[in-house]
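Fold and contact review
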There are 2 protein chains.
Amino acid sequence: MSDAHAARRERLREYCSASGADAALVTRAANIRYLTGCPPCGAALLVTRERTLLALPDDLPPDDTGEHLIAEDVTQLPVAGELDAALALAEAAGRLRVQDLAVEEHDLTVARHRSIAALAEGVRLADLDHAVERLRVVKDEHEIADLRIAAEIADQALGELLESILVGRTERHLAMELERRMIDHGADKAAFPVSVGTGSHSGLEHHQPTDRRVEEGDFLTVVLGAQYRGYGVSTARTFVIGAAPAPWQVELHRLVFRAQRAGREALSPGVEQHVPDDAARSILQAAGHTEHSVHPLGHGIGLEIREAPRLGPADMGKLDSRVPVTVGPGVHLPGRGGVRIEDTLVVRPLEEGGPELLTITTKELLAL
Amino acid sequence: MSDAHAARRERLREYCSASGADAALVTRAANIRYLTGCPPCGAALLVTRERTLLALPDDLPPDDTGEHLIAEDVTQLPVAGELDAALALAEAAGRLRVQDLAVEEHDLTVARHRSIAALAEGVRLADLDHAVERLRVVKDEHEIADLRIAAEIADQALGELLESILVGRTERHLAMELERRMIDHGADKAAFPVSVGTGSHSGLEHHQPTDRRVEEGDFLTVVLGAQYRGYGVSTARTFVIGAAPAPWQVELHRLVFRAQRAGREALSPGVEQHVPDDAARSILQAAGHTEHSVHPLGHGIGLEIREAPRLGPADMGKLDSRVPVTVGPGVHLPGRGGVRIEDTLVVRPLEEGGPELLTITTKELLAL
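About the thresholds
Residues numbered from 1 in each chain as written. Chains lettered and ligands numbered in written order. Predicted model: local features only at pLDDT ≥ 70, side-chain atom pairs only at ≥ 80, totals over all residues. Heavy atoms only, no water. Helix = DSSP H or I, 4+ residues; strand = E, 2+ residues; numbered from the N terminus. Rg over C-alpha atoms; globule rule 2.2 N^0.38 Å. Contact = heavy atoms within 4.5 Å. Areas by Shrake-Rupley, 256 points an atom, 1.4 Å probe, with all protein chains shown as cover. Least-squares fit on C-alpha atoms with pLDDT ≥ 70 in both. Expected span 1.5 Å × (residues − 1). Buried < 20%, exposed > 50% of the residue type's maximum accessible area, 1.4 Å probe, protein only. Buried area = accessible area lost by both parts, 1.4 Å probe. Salt bridge = Lys/Arg side-chain N within 4 Å of Asp/Glu carboxyl O. Polar contact = N/O pair within 3.5 Å; in protein donor to acceptor, adjacent residues only side chain to side chain. Pairing = 2+ DSSP bridges. Axes fitted to C-alpha atoms, helices over the stretch in contact; angles between N-to-C directions. Domains from an automatic or database assignment. Nonpolar A, V, L, I, M, F, W, Y, C, P; charged D, E, K, R; others polar. Phe/Tyr/Trp six-rings, centres within 6.5 Å; stacked < 30°, edge-to-face > 60°.

1. As for the overall build of chain A
A tally of regular secondary structure across chain A gives nine helices and 19 strands. By the compact-globule yardstick of 21 Å for 368 residues, chain A fits well, its C-alpha radius of gyration being 23 Å. Along the first, second and third principal axes, the C-alpha atoms of chain A reach 70 × 40 × 40 Å. Here the analysis covers contacts within chain A between residues at least 6 apart in sequence; of these, 65% occur between residues at least 24 apart. For chain A, the computed accessible surface area is about 15000 Å², with 51% contributed by carbon and sulfur atoms.

Here it is, written out as structure tokens:
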């Protein structure tokens with residue numbers, strides 16, 4: 001992979017040249033990982049025209065530095081554990097006679113930015129302006145392969161849960177079990193805290209699991225994702241507990257299923273980002289569910305669980321091929337519960353078979 | 001508790017008046033919780049001379065807002081889920097004719113600070129300069145009661161683990177089991193990811209659990225903490241696996257135990273922050289362990305797992321009564337392993353019995 005990382009740093013250098021900066025100071029963990037393979041760890045990265053300096057806390061255990069992943073043309077600078085790696089690189093930028101240094105103003109706090117300005121002698125600071133995030137939007141096939149494995153892990157964990165007895169167990173326990181199963185199947189970790197909502201908690205996007213127990217007749221919504229080699233996916237399914245779902249449950253599930261399918265089918269290179277959202281939203285609105293309106297249908301996903309592009313009603317950019325995104329509409333009826341169905345897919349042209357579905361667990365309304 | 005929160009906001013108002021600001025915009029989650037009781041949730045808080053405005057994302061499930069905790073004199077301002085609560089309050093500050101607004105420059109990114117400046121019409125921005133963090137250093141007895149419960153939970157989980165079979169189990173599984181047990185005993189969650197290190201991984205402070213299995217003869221270091229009502233503790237213990245520890249293990253454990261005891265015994269109101277560190281460090285250095293030198297012995301703990309005051313060799317401030325701190329020296333011998341022993345204690349004067357130990361699990365070298 002070190003060739004891929006070196007190529008990414010070259011693209012960053014091209015961006016800097018074009019924007020008048022002679023170096024970039026990268027502090028956002030996902031961006032450092034993207035450019036070096038080094039996992040998040042209080043590191044900071046300085047990319048000048050000629051050199052790459054990676055400042056790493058000196059107290060990391062060997063397993064955590066990802067040292068085997070770091071290419072030979074990257075100079076490592078150990079920094080005492082209590083100090084700020086970005087400040088060490090600010091000083092280095094001064095010594096290396098950098099004149100215009102682009103920094104990540106969306107990541108640095110005002111206080112840290114001020115310290116960098118004070119330490120980087122003779123250096124003018126500019127804004128890197130999400131340049132690395134933009135490089136990260138379109139994934140290469142290595143990255144997509146990691147996302148595919150992350151999705152398989154999440155699907156396996158979910159599949160095993162569906163085979164077990166659920167009635168009487170708490171949301172918290174089910175969430176912890178899913179996390180454990182993902183790690184057993186080889187995940188680095190859960191990509192985000194697993195959400196399990198039962199009964200009136202079902203259908204929510206960010207529900208924090210409680211001690212409520214699963215009961216006969218409940219909707220059960222599970223939102224989970226695995227992280228593999230830094231790459232995460234997200235998926236949500238809603239099931240019903242007991243022999244026979246109520247008519248309102250069947251109807252609501254069918255509605256959200258149709259909206260989610262419409263969103264998925266609208267994914268295509270060249271399509272504006274709001275189009276999948278429009279497709280799903282119009283179906284929910286036609287059925288009278290308008291409270292959903294503030295939430296975008298989905299978003300890009302990769303080294304961060306929520307990254308560019310956003311798929312919201314006002315997002316006007318165009319989708320590219322090889323961009324992984326989530327598509328996850330939901331409806332929640334306060335006091336009763338609801339349905340959420342989410343997949344992670346990769347945008348692909350029709351010649352390649354259209355959108356590639358990564359999270360393949362069935363979306364039928366299973367009665368468990 | 002709403003009286004306590006109101007009193008805290010009054011102290012913040014006094015600080016603002018004294019520093020020439022007529023309002024404070026608080027964005028750091030732990031600070032918002034301290035001032036309102038509202039748990040972390042993308043909220044932001046504006047405290048003017050006359051009013052308190054709490055901006056909350058409108059898509060929080062009712063359980064997560066802590067609404068029952070929020071006092072009546074706090075005006076709630078719902079903000080659409082995708083928007084930034086701090087920006088909504090910046091606009092409000094302009095409407096309320098705030099002239100000098102103190103913001104948390106150690107929390108806001110440069111980009112967010114710029115957006116606030118653009119939206120807060122006619123408002124001059126200043127730095128709140130960790131004012132709320134300073135208010136948080138000395139705890140009241142309600143806060144200490146919550147810390148005591150958090151410590152009991154961590155002790156219970158650790159005690160149960162010690163009664164189970166450990167040989168053959170992986171660090172990851174033991175860490176997950178400890179997390180689950182803490183939640184079972186009533187923790188909000190683990191205060192930080194549990195660290196379990198066995199064999200050559202033992203004795204490290206920030207070891208991320210791996211698939212290494214516990215073997216006969218290993219040192220086993222566990223670093224864990226529970227969070228209860230927002231308040232966290234931290235504790236570490238090192239045990240040996242099998243019937244009889246090797247002489248080097250007995251010796252190293254005794255050394256770290258002595259250093260940790262010296263650190264604990266040096267805690268007293270009025271003592272300079274570096275004194276407990278000096279006491280522990282001199283014992284480790286006399287035995288030839290100097291590599292430890294960059295790490296402070298401990299730090300304050302409460303709504304954040306690492307907060308003021310720091311107990312490092314260069315920290316010159318004085319300790320106060322009712323300040324909870326960690327005391328946790330360690331020695332790691334690369335390739336062999338090591339020992340870490342950490343407690344959470346509350347600084348108390350001798351008349352009140354001296355430092356109050358919250359994490360009471362035995363510090364003897366148990367052979368498991």
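Text resumes after the structure shown.
2. Here's the deal with the relation of the copies chain A and chain B
Mapping chain A onto chain B calls for a screw motion: a turn of 180° about the axis and a shift of 0.0 Å along it, with 0.0 Å RMSD after fitting. The transformation relating the two chain copies, once decomposed into turn and shift, fits a two-fold axis. It is Thr109 of chain A whose C-alpha, among those of chain A, lies nearest the rotation axis, at 1.9 Å. A share of 100% of the interface residues of chain A reappears at the interface of chain B, consistent with the copies meeting face to face through the same patch.

3. Quick look at helix 9 (residues 247-265) of chain B
Its 19 residues place the ends of helix 9 of chain B 27 Å apart at the C-alpha level, agreeing with the 27 Å of an ideal helix rising 1.5 Å per residue. Residues of helix 9 of chain B that are buried: Gln249, Leu252, His253, Leu255, Val256, Ala259, Gln260, Ala262, Gly263 and Arg264 of chain B.

4. Comments concerning the environment of Glu352 of chain B
Residue and element names in this part refer to chain B. Here Glu352 shows up in the loop between strand 18 (343-346) and strand 19 (356-357). Among the residues examined, Glu352 registers a relative accessible area of 49% and is labelled partly exposed. The spatial distance from the C-alpha of Glu352 to the C-alpha of Asp3 is 26 Å, given a sequence separation of 349 residues.

5. Thoughts on the interface of chain A and chain B
Residue-level contacts link 34 residues of chain A with 34 residues of chain B. Of the roughly 2700 Å² buried where chain A meets chain B, counting both sides, 54% is carbon and sulfur surface. Our enumeration of links across chain A and chain B arrives at four salt bridges. Notably, a salt bridge pairs Glu105 of chain A with Arg114 of chain B, separated by 2.6 Å at the nearest N-O pair. Remark: the boundary between chain A and chain B carries 12 residue pairs in polar contact (both at pLDDT 80 or more). Those elements that provide at least two residues to the side of chain A that touches chain B are helix 4 (110-119) and helix 7 (171-184) of chain A.

6. Quick look at the sheet that holds strand 3 (residues 52-57) of chain B
All names here are of chain B. With respect to topology, six strands assemble into an open sheet ordered 4-3-2-1-5-6, the strand pairing being mixed. Since the sheet does not close on itself, it has two edges, and those belong to strand 4 (74-79) and strand 6 (124-127), each with one partner. Averaged over neighbouring strand pairs, the angle between their axes works out to 25° when direction is ignored. Two elements, strand 5 (residues 100-103) and strand 6, share four bridges in a ladder whose sense is parallel. If you follow Asp100 over to strand 6, its bridge partner there is Arg124.

7. With respect to the domain arrangement of chain A
Residue and element names in this part refer to chain A. With domains assigned, chain A is organised as domain 1 (2-136) and domain 2 (141-357). Of note, the centres of domain 1 and domain 2, computed from C-alpha atoms alone, are 34 Å apart. Counting from both sides, the interface comprises six residues of domain 1 and, opposite them, eight residues of domain 2. For the interface between domain 1 and domain 2, the tally reads four salt bridges. Arg136 is paired through a salt bridge with Glu304; the nearest N and O atoms lie 3.1 Å apart. The tally of links from domain 1 across to domain 2 stands at three residue pairs in polar contact (both at pLDDT 80 or more). Of the residues forming the side of domain 1 that touches domain 2, the biggest block, three residues, is contributed by helix 2 (residues 29-36). Taken together, the residues of the side of domain 1 that touches domain 2 sort by class into two nonpolar, no polar and four charged.

8. A few points about the pattern of salt bridges
Residue and element names in this part refer to chain A. Inspection of every chain in the model, using the stated rule, returns 60 salt bridges over all chains. A salt bridge links Arg180 to Asp184; its shortest N-O distance comes to 3.1 Å. Pair noted here: Arg180 and Asp184 are both in helix 7, with a separation of four residues, about one helical turn. Overall, Asp184 belongs to the partly exposed group, its relative accessible area being 40%. As a salt-bridge pair, Asp343 and Arg237 come within 2.8 Å of each other at their nearest N and O atoms. Highlighted residues: Asp343 in strand 18 (residues 343-346) and Arg237 in strand 12 (residues 235-240), separated in sequence by 106 residues. Per residue, the accessibility class of Asp343 equals that of Arg237, and both read buried. Three or more residues joined by partner-sharing salt bridges are found here, namely Arg28, Asp107, Glu133, Arg136, Lys139, Glu304 and Glu307.

9. With respect to the packing of aromatic side chains
All names here are of chain A. What the rule picks out here adds up to two aromatic pairs over all chains. Ring centres 5.5 Å apart and planes at 80° place the aromatic pair Phe219 and Trp248 in the edge-to-face group. Highlighted residues: Phe219 in strand 9 (residues 219-224) and Trp248 in helix 8 (residues 247-265), separated in sequence by 29 residues. Given a relative accessible area of 1%, Phe219 falls into the buried group.

10. Observations concerning the pairing of strand 3 of chain B
All names here are of chain B. For strand 3, the buried fraction is high: six of the six residues fall into the buried class. Taking every second residue as pointing to the same face, both faces of strand 3 are buried, with Thr52, Leu54 and Leu56 on one and Leu53, Ala55 and Pro57 on the other. Looking at chain direction, strand 2 (residues 44-48) and strand 3 are connected through four bridges and run antiparallel. Each bridged residue has a counterpart across the sheet, and for Leu46 the counterpart in strand 3 is Leu53. The hairpin turn running from strand 2 into strand 3, its antiparallel successor, is three residues long. For strand 3 and strand 4, the ladder comprises six bridges, and the chain directions are parallel.

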